[in-house]
Structure formats: structure tokens, C-alpha cells
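If you want the building blocks of each chain, they are given just below.
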Amino acid sequence: MIAQKYVVEINNLTKVYRNLFSSCEVKAVDNLSFYIRRGEVCGFLGPNGAGKTTTVMLLLGFLKPTSGTISVLGQKPSHVGVKERIGFLPEESYFYKFFNADEILDYYGSLFKMESKVKRRRIDELIEMVGLKEARKRRLREYSKGMLRRIGIAQALINDPEFIILDEPTSGLDPIGTQEVKELIINLKQSGKTILMSSHLLADVQGVCDRVILLHQGKLIVEGPTREILSKKGYFRFEVQDDTGSTREQIRNFTEQNGIKITSMGTSAITLEEFFVKSIKNAGNNNIQ
Ligand SMILES: Nc1ncnc2c1ncn2[C@@H]1O[C@H](COP(=O)(O)OP(=O)(O)OP(=O)(O)O)[C@@H](O)[C@H]1O
Ligand SMILES: [Mg+2]
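**Concerning the overall build of the protein chain**
- What the protein chain contains, in helices and strands, is 10 helices and 9 strands.
- Put simply, the protein chain has 289 residues, and 31% of those count as buried.
- Partitioning the intrachain contacts of the protein chain with sequence separation of at least 6 by distance along the chain shows that 69% fall at a separation of at least 24.

**Brief notes about the packing of helix α6 (residues 175-190) against helix α10 (residues 272-283)**
- Following both chains from N to C, one finds α6 and α10 inclined at 100°, their axes separated by 9 Å at the closest point. With respect to α10, the element α6 is oriented roughly perpendicular. Contacts between α6 and α10 involve Pro-175, Ile-176 and Gln-179 on the former and, on the latter, Glu-273, Phe-276, Val-277 and Ile-280.
- A class-by-class count of the residues in the contact of α6 with α10 yields 5 nonpolar, 1 polar and 1 charged.

**Some details on the site of ligand 1**
- Near ligand 1 the following residues occur: Tyr-17, Val-26, Ala-28, Gly-46, Asn-48, Gly-49, Ala-50, Gly-51, Lys-52, Thr-53, Thr-54 and Glu-91.
- Elements with a minimum of two residues in the shell around ligand 1: β2 (25-37) and α1 (52-59).
- Ranked by residue count, the leading element in the shell around ligand 1 is α1, at 3 residues.
- Along the lines of polarity and charge, the residues of the shell around ligand 1 split into 4 nonpolar, 6 polar and 2 charged.

**A few points about the nonpolar core**
- Ranked by internal contacts, the top residues of the largest apolar core, which has 58 residues, are Cys-42, Leu-105, Leu-126, Ile-151, Ala-154, Ile-165 and Ile-195.
- No other element matches the 6 residues that helix α5 (residues 145-157) contributes to this core.
- If we skip the residues at most four places from it in the chain, Ile-195 touches Val-41, Cys-42, Ile-164, Leu-166, Ile-185, Leu-188 and Lys-189.

**Some remarks on the sheet that holds strand β5 (residues 86-89)**
- Strand order in this open sheet of 6 strands is β5-β6-β7-β3-β8-β9, and the pairing throughout is mixed. A strand with exactly one partner marks an edge of an open sheet, and here the two such strands are β5 and β9 (219-225). In this sheet, adjacent strand axes meet at a mean angle of 15° when their direction is disregarded.
- Pairing geometry for strand β6 (residues 163-167) and strand β7 (residues 194-198), over 5 bridges, is parallel. Its bridge partner being in β7, Ile-165 is matched across the sheet by Leu-196.
- The strands touched by α1 are β3 (41-45), β6, β7 and β8 (211-216); relative to β6, the strand with the most contacts, the crossing angle is about 150°.
- Its contacts with the sheet put α6 on β3, β6 and β7, and the angle it makes with β7 is roughly 150°.

**Side note on the pairing of β7**
- For β7, the buried fraction is high: 5 of the 5 residues fall into the buried class.
- Here β7 shows a buried face lined by Thr-194, Leu-196 and Ser-198 and a second buried face lined by Ile-195 and Met-197.
- As paired elements, β3 and β7 share 4 bridges and run parallel to each other. From the neighbouring strand, Cys-42 faces β7, where its bridge partner is Leu-196.
- A crossover links β6 with its parallel partner β7, the connecting element being α6, and its sense is right-handed.

**A word on unusual backbone geometry**
- Here the phi dihedral of Asn-12 falls at roughly 50°; this positive angle occurs in a residue that is not glycine.
- Looking at the secondary structure, you find Asn-12 in strand β1 (residues 6-18).
- Within the chain, Lys-113 stands out as a residue other than glycine whose phi angle is a positive 55°.
- With respect to the helices and strands, Lys-113 occurs in the loop between α3 (101-111) and α4 (116-129).
- Residue classification places Lys-113 among the exposed positions, given that 9 C-beta atoms sit within 10 Å.

**Details of the sheet that holds β1**
- Spatially, β2-β1-β4 is the arrangement adopted by the 3 strands of the open sheet, whose pairing is antiparallel. The sheet is open, and its two edges are formed by β2 and β4 (67-72), each paired on a single side. Taking the axes of each pair of neighbouring strands and ignoring which way they run, one obtains an average angle of 20° across the sheet.
- Here β1 pairs with β4 via 5 bridges, running antiparallel. Residue pairing across strands places Glu-9 opposite Ser-71, the latter belonging to β4.
- Packed on one face of the sheet, α1 meets β1, β2 and β4 and runs near 65° to β2.

Cut-offs and rules
Residues numbered from 1 in each chain as written. Chains lettered and ligands numbered in written order. Predicted model: local features only at pLDDT ≥ 70, side-chain atom pairs only at ≥ 80, totals over all residues. Helix = DSSP H or I, 4+ residues; strand = E, 2+ residues; numbered from the N terminus. Buried ≥ 20, exposed ≤ 12 C-beta atoms within 10 Å, placed from the backbone. Contact = placed C-beta atoms within 7 Å. Axes fitted to C-alpha atoms, helices over the stretch in contact; angles between N-to-C directions. Parallel < 35°, antiparallel > 145°, perpendicular 65-115°, else oblique. Nonpolar A, V, L, I, M, F, W, Y, C, P; charged D, E, K, R; others polar. Near = placed C-beta within 6 Å. Core = buried A, V, L, I, M, F, W, Y, C linked by C-beta atoms within 7 Å. Pairing = 2+ DSSP bridges. Right-handed = clockwise from strand over helix to strand, strands pointing away.

Below you can see the structure in the form of C-alpha cells.
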């Protein structure tokens, strides 16, 4: 099988929701075209109601387009074989709460008709990966929101999919969980997976996505490599070590003498997120009990 260059190709996609009982129509996706290259992590952004989840549902074949075309892994979304190659974390997961983590993953593994031994190994790996080792035998009804998000991520990966769609993967997670999920996404990318993730937490997207697609009212308004979109053309930054306290003055004098305009200057600081993660990690065991 030849691997396609594009994992997703969407052309002139429109989705109109019609209400059977009124004349009310909502154009959730409006003449949208974009592609996702194999091996990239793509951020899917937009304000509430922009059409992200609708597009994801169309990609998965759960909804039919009003017009336009979608190709996923070289097939139509309705193709049964293609569904086995996709992992999906929905915006909200609804699990049978009397199962524990092992049982729920075993159930999802069975849906993919995985061989028992392979399934067992995969479940162990995933539980370790999402940091639920200590809690694996507890019923899901006792899980916190963040723990349920972690089990949702494990479920999305049970079939070792080549294309992974994550709708708000970090919602409900604490900063450590968020950082772990970001690291997990980077690891998945390094193992050759293609990922589409939507998120309102823009720092998460900025940290992991190679490219971003920004929707507004169902339309694509910006699309491109993250670094390029965010770069401030014509400006650059230095961070210098200043042991003596005099470096600042020396640089100021140099720039003044050479007609260089400094547009911002200040003390370097870590983010509150970095500070939080560092402090909690220093305090000890971080596996959820
Ligand atoms: N089942 C539905 N029936 C009718 N309208 C819907 C339906 N689902 C979504 N919509 C409408 O389609 C538009 C896009 O919604 P969608 O859920 O795709 O946005 P979103 O970008 O995922 O938003 P959010 O960031 O809040 O999750 C909204 O105006 C919404 O009200
Ligand atoms: Mg949504």
C-alpha cells in the first residue's frame, strides 16, 4: 500500500443543519477547504460555534456533508476499513461508569477484534502512558474529570491508529496532566502518527502543533505553519546572562550608539505553568491514586 501524502483532503465542504420542525437553518461549515499532511500535528482552532466539532463529525462519517468532498486516508469517511485506522477522542466521553479502566479498554479493544495477548499488552502500555496505573482497578464513576479525560485518550489509542483526532484533549486536565498530554502528542508524532487536535487553550496548541487552521463562522480564515503565523517579521529577541548587572547598560549604550531601537526589554521569567509543574514535581509522586 502506498502511503498518501495527505491524510485528509477537504474540498468546498458545507454542512447545513436543518430543523425538521421549523424553517431554522444553521450553516455550521461554509465552503471549507483544507488538507492535513501525513505526520503533522495540526491545530484546529476557532471560537465557540465556529464549526470544529461539526467538521470532525463529517471527517469521521458520523454526519453527511450538504456539499463538498472529504477524503480521509485516501477513502470516503463512510469506508469501514478507514475507521479502523483512526483514533478519536470526542469533546465529551460517555463511559459505562461501573467499569474500571482495564475493563473499559478491554471492551474497546474487543470492538477492534484485537487478539487477546496484543490487547492485554496494549492496555498495560496505555494505562502507564496516561498515568492511571494506581487507579486502574477503580470504577470510572469514582474518577475525576481529568482522570476520565486520560482514559478517553487511552481509548482513542487502543487500535494503534495512524490518524488521531482529539477534540479538546486537555480540557479538565491540571497543568501537569496538560503537559503530559502535550508530551504524549509529541511522542505520537515522533512515532509517525498524524494528529488533528482542537483546543481553546492556545498555549497548548502553540506548544505542539506544526500547523494551525483557524475557523470562524464555519469558514477558514487563517491557515499555515504555527511558527510562521506567529513570527513578528522584522523583530528578534535575545536572552542574555547578566551576572554583573552591567550588561543591560552596555547593551543600551551599544544600541544607542549604533541607532538600533530596542522595542522591549525586561527580566526573564518562567511561566506560571512551568512554575506549577516544577513545584508539584519537586513535591513527589505524581501518579494519580
Ligand atoms: N446537531 C446540531 N443541530 C443544529 N445545529 C447544530 C448542531 N450541532 C452544532 N450546531 C450548530 O453548528 C454551529 C457549529 O457548532 P460546532 O459544535 O461544530 O462548533 P465548535 O467550533 O465545535 O464549537 P465549540 O468550540 O463550542 O465546541 C453552531 O452554530 C451550533 O449551534
Ligand atoms: Mg466543539
